[in-house]
Number of protein chains: 4
Amino acid sequence: MPELDRRDPEGAVAEAAKRCSNWGRWGADDVLGTLNFLDDAKRREGAALVRRGAAFSLAQSFDMNGPQRGWRRRTNPVHTMLDTGVDAERGTQGFPHGIGGADDVVFMPLQASTQWDGLGHIFDHGRAWNGRRAGDVVTSDGDRVTGIETAAARIAGRGVLLDVGRALGADGELPDGFAVTAGHLAATIAAQGGSARVGRGDLVCVRTGRLARARREGWGDYAGGASPGLSFTTAGWLHGTEIAGLATDTWGFEVRPNEFDDAFQPLHQVAIPHIGLYIGEMWDLDALAADCAADGRYDFWLTAAPLPVTGAVGAPVNPIAVK
Amino acid sequence: MPELDRRDPEGAVAEAAKRCSNWGRWGADDVLGTLNFLDDAKRREGAALVRRGAAFSLAQSFDMNGPQRGWRRRTNPVHTMLDTGVDAERGTQGFPHGIGGADDVVFMPLQASTQWDGLGHIFDHGRAWNGRRAGDVVTSDGDRVTGIETAAARIAGRGVLLDVGRALGADGELPDGFAVTAGHLAATIAAQGGSARVGRGDLVCVRTGRLARARREGWGDYAGGASPGLSFTTAGWLHGTEIAGLATDTWGFEVRPNEFDDAFQPLHQVAIPHIGLYIGEMWDLDALAADCAADGRYDFWLTAAPLPVTGAVGAPVNPIAVK
Amino acid sequence: MPELDRRDPEGAVAEAAKRCSNWGRWGADDVLGTLNFLDDAKRREGAALVRRGAAFSLAQSFDMNGPQRGWRRRTNPVHTMLDTGVDAERGTQGFPHGIGGADDVVFMPLQASTQWDGLGHIFDHGRAWNGRRAGDVVTSDGDRVTGIETAAARIAGRGVLLDVGRALGADGELPDGFAVTAGHLAATIAAQGGSARVGRGDLVCVRTGRLARARREGWGDYAGGASPGLSFTTAGWLHGTEIAGLATDTWGFEVRPNEFDDAFQPLHQVAIPHIGLYIGEMWDLDALAADCAADGRYDFWLTAAPLPVTGAVGAPVNPIAVK
Amino acid sequence: MPELDRRDPEGAVAEAAKRCSNWGRWGADDVLGTLNFLDDAKRREGAALVRRGAAFSLAQSFDMNGPQRGWRRRTNPVHTMLDTGVDAERGTQGFPHGIGGADDVVFMPLQASTQWDGLGHIFDHGRAWNGRRAGDVVTSDGDRVTGIETAAARIAGRGVLLDVGRALGADGELPDGFAVTAGHLAATIAAQGGSARVGRGDLVCVRTGRLARARREGWGDYAGGASPGLSFTTAGWLHGTEIAGLATDTWGFEVRPNEFDDAFQPLHQVAIPHIGLYIGEMWDLDALAADCAADGRYDFWLTAAPLPVTGAVGAPVNPIAVK
């Protein structure tokens, strides 16, 4: 792997895109990208990992106590009530025989909290996944081709936690700006043992410890600020391992600041439109990681079914790991 | 079971509530209700049901093509874009090195489409689950006690489909107004065979065929209008089976019109605040049902993790069944 | 005026656009269109019309009891509470010294109810007002050139009511499909007398009676269905009178069905991008009209200041007429 | 006026409430409070103030560049597009004859930007305006009694600017924490001359310079932080002058920090439920103030018609002053 030329993100993206492209791999009509790697056999393998039946939600909370600060109109979720128990108890809701109800509504950016990026989320020079024109895919009506609903029934299989924070960090956390390389991932796998092997169709969860730090110190710049994350140089690893998806406990999956002088999320630009990779962000891996550290088992059954908002380019998810 | 007195829903609710109450069963502080029945052993049992690895999403779509008509301010989900591929392709988004993006936001009632009712959704004479005052539980700030986030990691286990529509209906559909009794459920279980047994901790999916009819004929009054559904008289069955949750393919779980002259969802009034039952509504069971009819296996590994909107009294969910 | 060729809306639009264009009239940078006609002198003239001091709101209500049915994701306004008096009275809001509060939020399409169309609302073959490329004007970020905020301080002046429904209709209402021509407008002005004269810089309110009918019979297809409204042939009148804006009591300003075999709002296509005309829709002119009929005075001081949502292509407004 | 006892806001509120109460003044059914003072004669007086015809919008912008930081779920307005010019220019919207369109939607707290507080916004010990129980007025359904729509046609009349910042401050701005007393208001009126007299039915605009400072220095804590504003001791002045409404260029109308050791907006607690006063907040008075300083005329025609969201306890407004 040559050194990155910090002055040339565009060249680096072009080179990696060429090297890692999956365009056409599943036909011209494909809308699933790397989810194609996640097949029924992988689900059987995943289900067989349930030993104790212990379940973990990998979702952060969905509320105003979130990291969003309005960047590009991304607010935290706003939850309001249409009816309340206070009203019901007062008896003024107009229902018969003593029944009362509460009901509610939410307004939220689909990537406000724990989420999957859909394949229509990121483009490279106006091209979306599988080589389509971005404007043919995502209009004001949403993603008419690769909308998140196409993945509604797909994302359940074998999950693997790579707790890089615990394996290589101090007190379980990598520092901000730490670029996780393929070497770091390999070292983590080696440290964690056989249950941490990563292969075709797996759903990989990379824990950096960034969320634990935010939980301790406050959100600060969690959304968009400095953070550990995947190095741009992992593009080849993401492509070569043939994993189905990868999620992190950070806002933006890749290391920040990015590894170029003037850049914005260059690894996304390769991973989503070219590899067709499903990327998860803002997952809460801490409780699961503690359990894995305790029992030494790093793989598990994972269901991470996005809320199938039609045409969404990303979607909230409550991922459930079961060991 | 005596006949229902159509003129006295309040009396019937009171009687059933007394007979079926789980208040205090799991202590005064309990917030989970029947989810307490769903334990690690049940998850092991559920995971062991994965034979082929075939996955089914039981979610309807989340979009404007939904059944909502504004009743009590329930609209269909409104999905809008913050950025689009058309913009990205035009190259005016202001990002460097050719990266472009799309992003989006949703406004939706939490019970607009496929959902779980939380335990704070329904009250009986001002009382919520476990005997709490409704106004102590759900204020304008949401459900501060039994909010749906309390169930975030819980709802994964053994699912059982009771396809009453196929077992007892014509062309797989029960007519509107058909009240499904405990007898009908037993007959369906008997018809479906051993994999359809129902017991403690199970997640039961009752298919009436109402959604299939809406899909064929248009939404019409799907939301709130006439429908097959559970009879009020099933309260004892819901309580006695010790199931963890029950979901239907209808708007409102119970038969409509309700079985009293002047009533509104009386079975909810028993099931949620008194039994502490998790109720799912507007699930799409059709593809799963076809598969079950084909292979004769009616139980499966079900993960139905609600989106954990803090304080929500109901939540959207993309349930995933794996056989 | 030649007959309209019902088979050729595109040709008719092109001809009228050429004939009525104001492109360049106020310079290449203009963002105000016909609001340029509304100057300080016109405001002095308008204010001088206040005789009794009687004020009329010309706004419909903004709530769920509106005409919207979800067309292109236009819902009715959804208003929810962040805090309520019920909560305040219960004393659980956490404020000191007995103060309590209520607060609220709204989600609404900007053209859900009484509104102004902004100049970025409609395009002709990809061209916006003053000849700009539509895509240079309105992106996912909103209207960056002619956003409604540019008109924030402008729309106060002399209002004139043309009560065509009362002048030419039966019981004050024109039938659905009635195309109001320049001749009808002239006849109405003549019938109403000198206070109804229309000229440069005026804000003209055309009452058809369609809203009165909806109020009596229910919304039905008020939003998008059959309606009286301006004939396509009034383009020349709209241009030649040099009015500053025109509002109606209908959903869509122009007659519906439109006067071509296969068309959608062709008069908009001339009026907004070519004339640069401010168009108001869904105004409630009934109370004002009754007053005008009673005292025979059809002009008044009108303030119709749009809510200045930055970049909006339309905006809700509570127009206030004072006589 | 005795000194305030900083340790006893509750006592001070009770005393002022008793002294300044307008309960019953306009009958038991009144929903308008001090707007009753604003009559047709006052509107005639206001209209006569239009000399030049110059119009000023007193609205701040409604967008994400606002001061809100999420306190009690108050976000800045989120404006998103349903259709765009980029889409229209691309020609994929599905409309005939070359017409294209843009459309949009907004989600916003009703008090996110320039607004009127409605009479249901604040309560004193569970009592709303005119002595009603707060819970009888504002439920989850909104304000069913004094909703802002009751004021839809009312708020147009004589406006008076009291530029306390310019009269008594340094460089036109009062410092944060500066409590504007009745004495300061009188001094400002005296300094400004006869056009600044204040009396029954007037709409008073008090400029502190706080917004000018935020414009220069950034929003910082504009929303809820330290600010100049009315002293609690002005309650008597607000009551005795019989003004119809009062608006400021600050977030919260009254001085902050409040003038008691542990208090939250105590003047609101007197002004809204007891005086029945309409309070405007976050108005942009700077351009108008510059004009008044230049020509020495401090009164003007003012239309400040709230967006009539049914049941709202506050409402956005684009106030228009004409001189």
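Residues numbered from 1 in each chain as written. Chains lettered and ligands numbered in written order. Predicted model: local features only at pLDDT ≥ 70, side-chain atom pairs only at ≥ 80, totals over all residues. Heavy atoms only, no water.

## Re the interface of chain A and chain C
Contacts between chain A and chain C engage 12 residues on the former and 12 residues on the latter. Overall, the association of chain A and chain C removes approximately 1000 Å² of surface from exposure, summing both partners, and the carbon and sulfur fraction of that is 47%. The interface formed by chain A and chain C contains 4 salt bridges. The element contributing the most residues to the side of chain A that touches chain C is helix 3 (residues 85-90) of chain A, with 4 residues. (Contact = heavy atoms within 4.5 Å. Buried area = accessible area lost by both parts, 1.4 Å probe. Salt bridge = Lys/Arg side-chain N within 4 Å of Asp/Glu carboxyl O. Helix = DSSP H or I, 4+ residues; strand = E, 2+ residues; numbered from the N terminus.)

## A short note on the pairing of strand 14 (residues 278-281) of chain B
Residue and element names in this part refer to chain B. Side chains of strand 14 alternate between two faces, with Tyr278 and Gly280 and Ile279 and Glu281 buried alike. For strand 5 (residues 115-117) and strand 14, the ladder comprises 3 bridges, and the chain directions are antiparallel. Bridge pairing in strand 14 places Gln115 opposite Glu281. Relative to strand 14, strand 13 (residues 245-248) is paired through 3 bridges, and the arrangement is parallel. Of the residues in strand 14, the one forming a bridge with Leu246 is Ile279. Handedness of the crossover joining strand 13 and strand 14 through helix 9 (residues 266-275): right-handed. (Buried < 20%, exposed > 50% of the residue type's maximum accessible area, 1.4 Å probe, protein only. Pairing = 2+ DSSP bridges. Right-handed = clockwise from strand over helix to strand, strands pointing away.)

## Focus: the relation of the copies chain A and chain C
Laying chain A over chain C is done by rotating through 180° and shifting 0.0 Å along the axis; what remains is an RMSD of 0.0 Å. Within this description, the copies of the chain are treated as partners about a two-fold rotation axis. Most of the interface of chain A is mirrored in chain C, where 100% of its interface residues are also at the interface. (Least-squares fit on C-alpha atoms with pLDDT ≥ 70 in both.)

## Details of the environment of D:Gly177
Within the secondary structure, D:Gly177 sits in the loop between helix 5 (164-168) and strand 10 (179-180). Non-local contacts of D:Gly177, meaning those with residues more than four positions away in its chain, are made with D:Ser227, D:Pro228, D:Val255 and D:Arg256.

## Some words on the sheet that holds strand 14 (residues 278-281) of chain C
Residues and elements named next belong to chain C. Taking strand neighbours across the sheet as the criterion, the 9 strands line up as 1-17-15-9-11-13-14-5-16 in an open arrangement whose pairing is mixed. This sheet does not close on itself; its edge strands, each paired only once, are strand 1 (55-57) and strand 16 (314-316). Taking each pair of neighbouring strands and ignoring which way they run, the sheet shows an average axis angle of 25°. Most of the contacts of helix 6 (residues 182-192) go to strand 9 (residues 156-163), to which it runs at about 100°, and overall it touches strand 9 and strand 11 (203-207). (Axes fitted to C-alpha atoms, helices over the stretch in contact; angles between N-to-C directions.)

## Section: the pattern of salt bridges
The tally for this structure, following the rule as stated, stands at 142 salt bridges over all chains. The partner of B:Arg90 in a salt bridge is D:Glu89, with the nearest N and O atoms 3.0 Å apart. Of this pair, B:Arg90 sits in helix 3 (residues 85-90) while D:Glu89 sits in helix 3 (residues 85-90), placing the two residues on different chains. The shortest N-O distance in the salt bridge between B:Asp284 and B:Arg215 comes to 2.6 Å. You can see B:Asp284 sitting in the loop between strand 14 and helix 10 (286-295) and its partner B:Arg215 sitting in helix 7 (residues 210-217), a full 69 residues away along the chain. Connected through shared salt-bridge partners, A:Lys42, A:Glu45, A:Arg158, A:Arg197, A:Asp202, A:Arg297 and A:Asp299 make up one network.

## Observations concerning the packing of aromatic side chains
For the coordinates displayed, the defined rule picks out 42 aromatic pairs over all chains. Judged by centre distance (6.3 Å) and plane angle (50°), the rings of B:Phe107 and D:Phe107 are tilted. Within this pair, whereas B:Phe107 is found in strand 4 (residues 103-109), its partner D:Phe107 is found in strand 4 (residues 103-109), the two belonging to separate chains. Comparing B:Phe107 with D:Phe107, the two get one shared label, buried. Pairwise contacts between aromatic rings join A:Trp71, A:Trp251, A:Phe264 and B:Phe95 into one cluster. The side chain of A:Arg72 reaches across the aromatic face of A:Trp71, ending 6.0 Å from its centre. (Phe/Tyr/Trp six-rings, centres within 6.5 Å; stacked < 30°, edge-to-face > 60°. Lys NZ or Arg CZ within 6 Å of the ring centre and 35° of its normal.)

## Side note on the interface of chain C and chain D
Often the size quoted for an interface is simply the accessible area lost on bringing the parts together. Counting residues at the interface gives 92 residues for chain C, matched by 91 residues for chain D. Taken together, the links from chain C to chain D amount to 6 salt bridges. The interface formed by chain C and chain D contains 47 residue pairs in polar contact (both at pLDDT 80 or more). In terms of residue class, the side of chain C that touches chain D is built from 45 nonpolar, 29 polar and 18 charged. With 3 bridges joining them, strand 6 (residues 122-124) of chain C and strand 3 (residues 99-101) of chain D adopt antiparallel strand pairing. Bridge assignment links C:Ile122 to a residue of strand 3 of chain D, and that residue is D:Gly101. (Polar contact = N/O pair within 3.5 Å; in protein donor to acceptor, adjacent residues only side chain to side chain. Nonpolar A, V, L, I, M, F, W, Y, C, P; charged D, E, K, R; others polar.)

## Overview of helix 6 (residues 182-192) of chain B
All names here are of chain B. Taken together, the buried positions of helix 6 are Leu185, Thr188, Ile189 and Gln192. Seen from one end, helix 6 has its buried residues packed into an arc of 100°, which puts them on one side. In helix 6, the exposed positions that point more than 90 degrees away from the buried face belong to Ala190 and Ala191. In the core, the buried residues of helix 6 are packed alongside strand 9 (156-163), helix 5 (164-168), strand 10 (179-180), strand 11 (203-207) and helix 8 (235-240). Taken from the residues just after helix 6, Gly193 is the one with a positive phi, measuring 95°. (Arc of directions from axis to C-beta.)

## Considerations on the relation of the copies chain C and chain D
When chain C is fitted to chain D, the residual RMSD is 0.0 Å, and the transformation amounts to a turn of 180° plus an axial shift of 0.0 Å. Comparing interface residues between copies, 99% of those in chain C also sit at the interface in chain D, which points to an isologous, same-surface contact.

## Section: the sheet that holds strand 13 (residues 245-248) of chain D
Within a sheet, adjacent strands bond to each other through the backbone by hydrogen bonds, running parallel or antiparallel. All names here are of chain D. Here we have 9 strands laid out as an open sheet, ordered 1-17-15-9-11-13-14-5-16, and mixed in their pairing. Because the sheet does not close on itself, it has two edges, and the strands there are strand 1 (55-57) and strand 16 (314-316). Along the sheet, successive strands turn relative to each other by an average axial angle of 25°, direction set aside. Of the strands in this sheet, strand 9 (156-163) and strand 11 (203-207) touch helix 6 (residues 182-192), which is tilted by about 100° from strand 9.

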